[in-house]
Amino acid sequence: MKKINEIFYSLQGEGFHTGTPAVFVRFSGCNLKCSFCDTAHEQGNAMSDKEIVDEVCKYPCTMVILTGGEPGLWIDQELLRMLHKAHKYICIETNGTCELPEGIDWVTCSPKEGTTLRVKHIDEVKVVYTGQDVSAYLDIPAGQHFLQPCSCKNTGEVIEYILRNPQWRLSLQTHKLIDIR
């Protein structure tokens with residue numbers, strides 16, 4: 001059984017896949033306590049892999065985004081196998097502190113200062129910018145490196161930083177800007 005905060009259908013609002021229809025499987029619980037996190041970690045229902053996949057399959061898209069909390073605390077080969085058997089493209093949004101099972105199609109890592117990365121393959125680095133030194137995150141081997149304003153509050157500052165450091169790309173939380181989940 002896995003503790004699920006919610007499962008819902010919307011558009012991906014951040015990063016490389018922005019604008020793509022996706023089913024979000026939001027896990028409860030995290031091994032970090034980030035001040036800007038938007039998940040109520042104390043909430044959640046225990047669900048079996050079959051219940052999760054059945055709920056995901058109610059929606060017409062192929063993309064599934066495992067998010068949280070920290071989904072790396074919960075996911076395993078069996079859930080991934082079942083999602084792939086249902087012809088789903090599996091993405092994960094992780095803080096990178098947990099080893100992940102093989103078979104995830106797209107890994108978005110949002111590393112946090114002072115943590116050790118245990119993820120072996122990363123497709124996209126997405127850093128929530130709060131004024132911290134982010135230069136070391138460019139050393140993480142990934143195809144994409146995004147800086148994201150913190151809850152849309154410091155967008156101008158992030159744009160200025162990216163203009164001075166063009167190795168970064170801007171990721172906006174478009175779901176918040178257009179008022180969808």
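Everything numeric in this text was worked out from a predicted model, so none of it was measured.

Participant: I would appreciate a short explanation of the overall build of the protein in the present structure.
Facilitator: A count of helical and extended segments in the protein gives 4 helices and 9 strands. Ordered by position from the N terminus, the helices and strands of the protein form the series β-β-β-α-β-α-β-β-β-β-α-β-α. Relative to a compact globule of 181 residues, whose C-alpha radius of gyration would be 16 Å, the protein shows 16 Å and is just as compact. Taken over the C-alpha atoms alone, the protein extends approximately 50 × 35 × 30 Å along its principal axes. Going through the 181 residues of the protein one by one, you find that 50% of them count as buried.

Participant: What am I meant to see in the packing of aromatic side chains here?
Facilitator: To describe a pair of aromatic rings, one takes the distance between the centres and the angle between the planes. The final tally for this structure, using the stated rule, is 4 aromatic pairs. Judged by centre distance (5.2 Å) and plane angle (25°), the rings of Tyr9 and Tyr59 are stacked. Highlighted residues: Tyr9 in strand 1 (residues 2-11) and Tyr59 in the loop between helix 1 (49-56) and strand 4 (63-67), separated in sequence by 50 residues. Measuring from centroid to centroid gives 5.2 Å for Tyr129 and Tyr161, while their planes differ by 40°, and the two rings are tilted. Of the two residues, Tyr129 sits in strand 7 (residues 124-129) while Tyr161 sits in helix 3 (residues 155-164), which places them 32 residues apart along the sequence. Comparing Tyr129 with Tyr161, the two get one shared label, buried. Across from the ring centre of Phe8, 4.2 Å away, lies the NZ or CZ of Arg181, which sits over that ring.

Participant: I tried to follow helix 1 on my own but got confused; where do I start?
Facilitator: Think of an α-helix as 3.6 residues a turn; residues three or four steps apart then line up on the same face. When helix 1 is considered as a whole, its buried residues turn out to be Asp49, Ile52, Val53 and Val56. Buried residues along helix 1 cover an arc of 95° about the axis, so they all sit on one side. In the core, the buried residues of helix 1 are packed alongside strand 1, strand 2 (21-27), strand 3 (45-47), strand 4 and helix 2 (77-85).

Participant: I would appreciate a short explanation of the sheet that holds strand 8 (residues 144-149) in the present structure.
Facilitator: The strands making up a sheet associate through backbone hydrogen bonding, with each pair oriented either parallel or antiparallel. What the 9 strands build is an open sheet, ordered 3-1-2-4-5-6-7-8-9; its pairing is mixed. Edge strands, defined here as strands with exactly one partner in the open sheet, are strand 3 and strand 9 (169-170). As paired elements, strand 1 and strand 2 share 7 bridges and run antiparallel to each other. In the sheet register, Phe8 faces strand 2, and the bridge partner there is Phe24. Most of the contacts of helix 1 go to strand 1, to which it runs at about 10°, and overall it touches strand 1, strand 2, strand 3 and strand 4. Sitting on the sheet, helix 2 touches strand 1, strand 2, strand 4 and strand 5 (89-94), and the angle it makes with strand 5 is about 140°.

Calculation notes
Residues numbered from 1 in each chain as written. Predicted model: local features only at pLDDT ≥ 70, side-chain atom pairs only at ≥ 80, totals over all residues. Heavy atoms only, no water. Helix = DSSP H or I, 4+ residues; strand = E, 2+ residues; numbered from the N terminus. Rg over C-alpha atoms; globule rule 2.2 N^0.38 Å. Buried < 20%, exposed > 50% of the residue type's maximum accessible area, 1.4 Å probe, protein only. Phe/Tyr/Trp six-rings, centres within 6.5 Å; stacked < 30°, edge-to-face > 60°. Lys NZ or Arg CZ within 6 Å of the ring centre and 35° of its normal. Arc of directions from axis to C-beta. Contact = heavy atoms within 4.5 Å. Pairing = 2+ DSSP bridges. Axes fitted to C-alpha atoms, helices over the stretch in contact; angles between N-to-C directions.

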